[in-house]
Amino acid sequence: MKRSFLSFFLFLVGIQAASAWSFVYPLDQIAAPSCRFSTWASLGSDCKIPLPRIIGADYTKYKTDTMYRRIYSVLWEGTYDYGWDVGYGSHEGVDIATSAGTPVRSIGDGNVVVAGWLAGWGNTVSIKHKLADGRYIWSNYSHLSKINVAKGAAVKASDMIGEVGNTGNSYGNHLHFQIDITDQAHPYYYVTCGKGKDPIAIVNQGLCQSYLAANTIDPIAFLESNGQFTTIEHLQQQTKAAPKIEQKTIKTREQILDEEIGEFFKDHTLSVSLGIPGNNVEVGRTYTARVNVTYRNRPFTGSLPAEGLILSYDRSGVKLFPDTIIAIENGVREFQITGVKPGKYGISLKIGKMVFLTTSVNVYKKSEMTSPSDAIILNNKSIVLADEKLNAVVFRTKYRSNQIDIPYDGRYILKSLTGKAKFCNVSHRAIRKCSTDELVEELEFGYEDTYRGVLLANIVPLDYMPISLVVVGKKSLKTYAKSSADILITNPNGIDKSYPYFPETIDALKKGLMKPNSGYVLQDRELIGKQAKEMIRNSLAYLFLKAGNDQVKKQQVFARMKDFETRATAINDYKTVSRAEFANLVVGIIDGSPIVNGDKKWLDETGQYKDMITTLRLRYDFAWKDQFATRYFQSDKSITVGESMYMIEKVL
């Protein structure tokens, strides 16, 4: 009787000891799935949630729950393709996805047997735990970004042993958590069964399942039981009896990842810049490209979704490093492109099915690029008469890319085959408009005259005939490029043919005396000092060029130029100019010899500028085309833009 009571007492003690096991989950808190791409340290409290439990390891209950699928990405005995197809794969543990840096804790009291880098597993910690029945299990924590314990250390349940990462053969920040039940190398792997076989194929094809069951146990089932079983064998039997999850009843991991990627790009933007002019890569040279990521318009720090940004390219002619980009720091991640062999090679960058860049690079040798074979002209379809518009000329490589930053030999000429036009080179000048003395009918250039190989040239049409541009070799006269279509010449806005001074205005524009402002010539707007000075300077430049080889005339014009610059200092750029004041400039500077006449034919031939007014009337038969033309000059009235062109044209 006593013996029976003692046996019963010992049985109760054994059951009590067995049920007293105290194990916790390896993660207390995790990043909410929508936040887990950012680092743990950067997350606010609203992004940190308790790790949801799969109550009773009942996977069928949660198999259609996207949140659970995104957190517990691959279960024990699942495949990588589906993750939750329990019973059809050979995954040795459970993968739990969360932010990089998420604290990882020991599931129970024990001793650290592994703390370091392992091939494939990355940073790994393995802990030996003693069960109440005297047997041992080994908990394993892999792909850590940081290890906080050393081999041989004693740890307690919930002690922080490391941080979640993406080291080893890993795609995305997650914890691979595995429980071994036999004392082999930890974490247990299919050394014998899997020898010479692709690790992914082993898992996806469900190979070595008998080894899986003999050496590991389902970690979720173990933690959910919390010791409510008599032996490990009992737990193994329960796991074996649990229903399988057929693949046809659940989403694939790819579908889950597609949803995750879509959610990521609701708040994140990604752009790629190769930073290679013309996509031309010199053999043997390495270029730095950039990936930029923002989160709600702020620089993003964290990890890209799915397997990261995959760089696909033709490895025979170009090399990219790294091949995969996962981590982004302060909104930027750089990668390198190196030219290997001359040729044209494709490059694409994508996350999942989302493509961010599809392009090609041209790998070249400098010696192949010194003598261009053709060029392109980038020009406007139409230009306002006398206005300036920027055009560009760039030579082409044999790969049909723009030859930028690749020096070439020879001298070339940009000119118009039809229509009267002038050009100036603005490749090295931070200006939009050119001075009259810069304009030439044929613009000569070489590589040294360009901006990184691109000729930037302003074109000024001086007639209505459509312009056809051409680039030819200076010596060979070979044609390298023609404009794809003639440039049409239009009248400025703000002036029409019914305007009294329309002919003179057009003639003044053709001579380059004034240039339209953004395509406009506002005929009735009052002239200001800045415009008056521009017209006088351009008129003198016109006379200087018109003098040709007549050195006497040129010297006379040059002297007037100097005289005008002295006078110009007294002219307020933004004050309106009266008719008499402008007459003084036109007659005094451009004509140079006013008529001195004391007789008065007109009532207004008095005052400071009477000789200038008399000169206009007698020498140039000047008369306003308004209602007061036959009566008086109206000296104090502000002169308009159209009237100033009429006056200056009469003198020229």
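Residues numbered from 1 in each chain as written. Predicted model: local features only at pLDDT ≥ 70, side-chain atom pairs only at ≥ 80, totals over all residues. Heavy atoms only, no water.

Details of the pairing of strand S13 (residues 268-273)
- Only one face of S13 is covered, namely the one carrying His268, Leu270 and Val272; the face carrying Thr269, Ser271 and Ser273 has none of its residues buried.
- Note that S13 and strand S15 (residues 286-295) share six bridges and pair antiparallel. Residue pairing across strands places His268 opposite Tyr295, the latter belonging to S15. (Buried < 20%, exposed > 50% of the residue type's maximum accessible area, 1.4 Å probe, protein only. Helix = DSSP H or I, 4+ residues; strand = E, 2+ residues; numbered from the N terminus. Pairing = 2+ DSSP bridges.)

Some points on the layout of surface pockets
- Each pocket or cavity is described by its volume, and for the largest pocket that value is around 1200 Å³.
- Forming the walls of the largest pocket are 46 residues, and the residues nearest its centre are Tyr80, Asn169, Tyr171, Arg253 and Glu307.
- When contributions to the lining of the largest pocket are tallied by element, the ones reaching two or more residues are helix H3 (66-71), strand S3 (72-74), strand S4 (94-97), strand S11 (174-180), helix H4 (199-204) and helix H8 (253-267).
- With seven residues, the top contributor of residues to the lining of the largest pocket is H8.
- As a volume, the second largest pocket reaches approximately 740 Å³.
- For the lining of the second largest pocket, the leading source of residues is helix H10 (residues 529-546), giving nine residues.
- Its residues assigned to classes, the lining of the second largest pocket comprises 13 nonpolar, five polar and ten charged. (1 Å grid on protein atoms, 1.4 Å probe; cavity = no way out; pocket = protein on both sides within 12 Å on 5 of 7 lines; lining within 4 Å. Points joined across faces, edges and corners; volume = space filled by probe spheres on them. Nonpolar A, V, L, I, M, F, W, Y, C, P; charged D, E, K, R; others polar.)

Overview of the packing of aromatic side chains
- As enumerated under the stated definition, the model contains 28 aromatic pairs in all.
- A centroid spacing of 4.9 Å and a plane angle of 80° characterise the contact between Phe264 and Phe265, whose relative ring orientation is edge-to-face.
- Of the residues examined, Phe265 reaches a relative accessible area of 17% and is grouped as buried.
- Taken together, Phe395, Tyr408, Tyr412, Phe445, Tyr447 and Tyr480 form an aromatic cluster joined through their ring pairs.
- Over the ring of Tyr88 we find Lys244; its NZ or CZ atom is 5.5 Å from the centre of that ring. (Phe/Tyr/Trp six-rings, centres within 6.5 Å; stacked < 30°, edge-to-face > 60°. Lys NZ or Arg CZ within 6 Å of the ring centre and 35° of its normal.)

A few points about the state of the cysteines
- Applying the stated criterion across every chain yields a total of three disulfides.
- Here Cys193 is linked by a disulfide to Cys208, with a sulfur-sulfur distance of 1.7 Å. Judged by the sign of its S-S torsion, about -90°, the bond between Cys193 and Cys208 is left-handed. Placement of Cys193 in the loop between S11 and H4 and of Cys208 in the loop between H4 and helix H5 (209-215) is noted, with a sequence separation of 15 residues between them.
- The exposure class assigned to Cys208 is buried, which follows from its relative accessible area of 8%.
- Through a disulfide, Cys424 is tied to Cys434; the S-S separation comes to 1.6 Å. Residue Cys424 is located in strand S29 (residues 421-425), and its partner Cys434 is located in the loop between S29 and strand S30 (442-445); the two are separated by ten residues in the primary sequence.
- You can call Cys434 buried: its relative accessible area is 5%.
- The connectivity of the disulfides in the protein is 1-2, 3-4, 5-6, where the numbers refer to bonded cysteines in sequence order. (Disulfide = S-S within 2.5 Å.)

Quick look at the nonpolar core
- Ranked by internal contacts, the top residues of the largest apolar core, which has 69 residues, are Leu414, Phe445, Val471, Ile536, Phe582, Leu616 and Met647.
- Counting residues per element, this core draws most heavily on helix H12 (residues 579-591), which supplies eight residues.
- Counting 44 residues, the second-largest nonpolar core is a separate cluster that includes Leu27, Tyr59, Tyr82 and Ile250. (Core = buried A, V, L, I, M, F, W, Y, C linked by side-chain atoms within 4.5 Å.)

Observations regarding unusual backbone geometry
- Across the junction of His186 and Pro187, the peptide omega takes the value -5°, indicating a cis bond.
- Here Pro187 is to be found in the loop between S11 and H4.
- Of note, the amide linkage connecting Phe321 to Pro322 takes the cis form, showing an omega dihedral of -5°.
- Looking at the element boundaries, Pro322 is found in the loop between strand S19 (318-321) and strand S20 (324-325).
- Within the chain, Ala306 stands out as a residue other than glycine whose phi angle is a positive 55°.
- Inspection of the secondary structure assignment puts Ala306 in the loop between strand S17 (302-303) and strand S18 (309-313).
- What makes Ala306 buried here is its relative accessible area of 14%.

What to know about the pattern of salt bridges
- This structure, assessed with the given rule, holds 29 salt bridges.
- In this structure, Glu643 engages Arg579 in a salt bridge whose closest nitrogen and oxygen atoms are separated by 2.9 Å. Of the two residues, Glu643 is situated in helix H14 (residues 641-651) and Arg579 in helix H12; the sequence distance between them amounts to 64 residues.
- Residue Glu643 is classed as buried on the basis of its relative accessible area of 8%. (Salt bridge = Lys/Arg side-chain N within 4 Å of Asp/Glu carboxyl O.)

Some points on the pairing of strand S7 (residues 122-130)
- Burial within S7 is extensive, with seven of its nine residues counted as buried.
- In this structure, the hairpin formed by strand S6 (residues 110-118) and S7 is closed by a connection of three residues, where Gly120 is found at a positive phi of approximately 85°.
- As paired strands, S7 and strand S8 (residues 136-147) are joined by seven bridges and run antiparallel to one another. Paired with Asn123 across the two strands is Leu144, which belongs to S8.

Notes on the packing of H10 against H14
- One can describe the packing of H10 onto H14 by two numbers: an axis separation of 12 Å at closest approach and a directional angle of 25°. It follows from the interaxial angle that H10 and H14 lie roughly parallel. Handedness of the crossing formed by H10 with H14: right-handed. From H10, Gln531, Met535, Ile536 and Ser539 reach across to H14, where they touch Val641, Ser644, Met645 and Ile648.
- When grouped by side-chain class, the residues that make up the contact of H10 with H14 number five nonpolar, three polar and no charged. (Axes fitted to C-alpha atoms, helices over the stretch in contact; angles between N-to-C directions. Parallel < 35°, antiparallel > 145°, perpendicular 65-115°, else oblique. Left-handed = near helix turned anticlockwise from the far one by under 90°. Contact = heavy atoms within 4.5 Å.)

Some points on the sheet that holds strand S28 (residues 412-418)
- With antiparallel pairing, the four strands of this open sheet are ordered in space as S30-S28-S32-S33. Both outer strands of the open sheet, S30 and strand S33 (479-482), are each paired with one neighbouring strand and no more. Across this sheet, the average inter-strand angle for adjacent strands is 25°, counted without regard to direction.
- Where S28 and S30 come together, four bridges link them in antiparallel fashion. Note that in S30 the partner of Leu414 across the bridge is Leu443.

A look at H8
- The first and last C-alpha atoms of H8 sit 22 Å apart over 15 residues, in line with the 21 Å expected at 1.5 Å per residue.
- For H8, the full list of buried residues reads Ile256, Glu260, Ile261, Phe264 and Phe265. Along the long axis of H8, the arc covered by the buried residues comes to 165°, so they all point the same way.
- Packed against the buried residues of H8 are H3, S13, S17, strand S23 (343-351) and strand S24 (354-364). (Expected span 1.5 Å × (residues − 1). Arc of directions from axis to C-beta.)

A look at the environment of Asn458
- Its location among the elements puts Asn458 in strand S31 (residues 454-461).
- By relative accessible area, Asn458 is classed as buried at 3%.
- Between the C-alpha atoms of Asn458 and Asn379, which are 79 residues apart in sequence, the distance is 9.9 Å.
- Not counting the four nearest positions on each side in its chain, Asn458 is found in contact with Glu388, Lys389, Leu390, Lys422, Phe423, Cys424, Val426, Arg432, Lys433 and Cys434.
- Of the polar contacts made by the side chain of Asn458, one reaches the side chain of Glu388; its length is 2.7 Å. (Polar contact = N/O pair within 3.5 Å; in protein donor to acceptor, adjacent residues only side chain to side chain.)

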